Amino acid sequence: MTVSILSGDCRDLLRTLPDESVHCIVTSPPYWGLRDYGVAGQIGLESTVDIWVNEMVEVFRECRRVLRDDGTLWLNLGDSYAGNRSAAWGPPSESSTLVGNGHLGGGPKLKSMTDSRRRDNAKCPRSDVRVAGLKPKDMVGQPWRVAFALQADGWWLRSEIIWFKLNPMPESVIDRPTRSHETIFLLSKSARYYFDGGAIAEPASPNTHARYAQNGGPVPTSGWADGDGPHDAVAHSRGRRKHGTDAEARNRGRIKATASFAAGTREMLETRNTRTVWPLVAEPFREAHFATFPTEIPRRCILAGCPEGGTVLDPFGGAGTTGLVADRLQRDAILIELNPVYAEMARCRIQGDAPLFVEVADAV
Ligand SMILES: C[S@@+](CC[C@H](N)C(=O)[O-])C[C@H]1O[C@@H](n2cnc3c(N)ncnc32)[C@H](O)[C@@H]1O
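Residues numbered from 1 in each chain as written. Predicted model: local features only at pLDDT ≥ 70, side-chain atom pairs only at ≥ 80, totals over all residues.

**Student:** Could you give an account of the site of the ligand, with specific residues and numbers?
**Tutor:** By nearness alone, 24 residues border the ligand, and Y37, T292, F316, G318 and T321 come closest of all. Looking at the shell around the ligand, the elements that each hand over two or more residues are α1 (10-13) and β12 (332-337). Here the shell around the ligand is composed, by residue class, of 12 nonpolar, 9 polar and 3 charged. (Near = placed C-beta within 6 Å. Helix = DSSP H or I, 4+ residues; strand = E, 2+ residues; numbered from the N terminus. Nonpolar A, V, L, I, M, F, W, Y, C, P; charged D, E, K, R; others polar.)

In structure tokens:
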């Protein structure tokens, strides 16, 4: 498989990629006001959340051109809180330290930015900044601001998946719960799109078999398509045959809820359509990139969103987690990363993972 690592600004490099050339996009962009990635031109340090949202819309509009018509975007975003004062500069947070809710916490906080980097990001004002329309301590709602803006720009917003962090960073707050999740949006370019639900089906709960046995078979609660009618995904044949959706399972029961049918569907009932809450443990990454997501996130997104032999794009490649996982799953990948140090880190990490098989095509 080939992992291409392009080092530069994704707003420039995306334009070099052909129309409809990737099957699926899996990415975690810089969240607004959370972290300094140490390079001029980085996204995330805009002076207002609205400017950041606009940047996101423009980046993902170009991604949409590059995505096949039946492709999907899996977008991981976290949130933060408005503060009553800014830190050294830039967007405010609930506390004076702009810690927010990064993937792993740790890492350089914005206030640790060096003077030269501050100059690079001079567009971020140093004076007190309030988020328009938000009061101090208000949750910014970053993920949903982007989701609604992308929806308005033409994307289909199909699912909100919660990455439930089993080992969240502690927070020193006493007037709200500790935040222990981030959001992964599933968006599509068209109403019908490739989605292999079977590849990421989860084990059915132990109660399922007992409940079905007691009821003499599955009981339908609605018509044939319990999904979203014409917006249903083009289910990958393997997933549909072996696993099926919840609605299909119920409707099979309505057609023929006999003992032999129940026996025949037993294997099918061992799994169920994946749920929208994914409990995952954050994986520590020792090198100097502090915002990597756990490999299980791109693993699920790629299995469901990209056929074997297809191509996955990550326009905010970071330390290369999406590329690493794509290669393990026999998919090609294109990563774009602005910071050349991170791009090199990604190259070493991916080649170290599969030195005999992966061809890393640097286009730095
Ligand atoms: C949240 S991190 C991505 C981490 C990645 N998912 C991983 O697991 O390693 C966001 C990345 O976007 C990069 N970045 C920021 N602005 C960028 C831009 N304009 N073009 C490309 N990459 C950018 C940052 O340097 C950072 O590495």
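**Student:** Please provide a residue-by-residue account of unusual backbone geometry, values included.
**Tutor:** One non-glycine residue, E20, adopts positive backbone phi at about 45 degrees. One can find E20 in the loop between α1 and β2 (22-27). What makes E20 partly exposed here is the crowd of 15 C-beta atoms within 10 Å. Notably, Q330 is not glycine yet its phi reads approximately 65 degrees, a positive angle. As for its position among the elements, Q330 is in the loop between α10 (321-328) and β12. C-beta crowding within 10 Å serves as the criterion here: with 14 such atoms nearby, Q330 is assigned to the partly exposed category. (Buried ≥ 20, exposed ≤ 12 C-beta atoms within 10 Å, placed from the backbone.)

**Student:** How would you sum up helix α11 (residues 340-353)? Please name residues and give values.
**Tutor:** In this model α11 runs 20 Å from its N-terminal to its C-terminal C-alpha over 14 residues, within 8% of the 20 Å that 1.5 Å per residue would give. Listing the buried residues of α11 in full gives Y342, A343, M345, A346, R347 and I350. (Expected span 1.5 Å × (residues − 1).)

**Student:** So what about the nonpolar core? Which residues, and what values?
**Tutor:** Nonpolar side chains tend toward joint burial in soluble globular proteins. Within the largest apolar cluster, 68 residues are counted, with the highest numbers of intra-cluster contacts made by I25, C63, L73, I302 and V312. By residue number, the principal contributor to this core is helix α2 (residues 49-66), which donates 7 residues. Residues in contact with L73, not counting those within four places in the same chain, are I25, F60, C63, L67, W155 and L187. (Core = buried A, V, L, I, M, F, W, Y, C linked by C-beta atoms within 7 Å. Contact = placed C-beta atoms within 7 Å.)

**Student:** Break down α10 for me, with residues and values.
**Tutor:** Residue pairs spaced three or four apart in an α-helix point in one direction, given the helix's 3.6 residues per turn. By the criterion of burial, α10 is predominantly enclosed, with 7 of the 8 residues buried. Contacts from the buried residues of α10 go to β1 (2-7), β2, α9 (296-305), β11 (311-314), β12 and α11. Looking one or two residues beyond α10, the residue adopting positive phi is Q330, at roughly 65 degrees.

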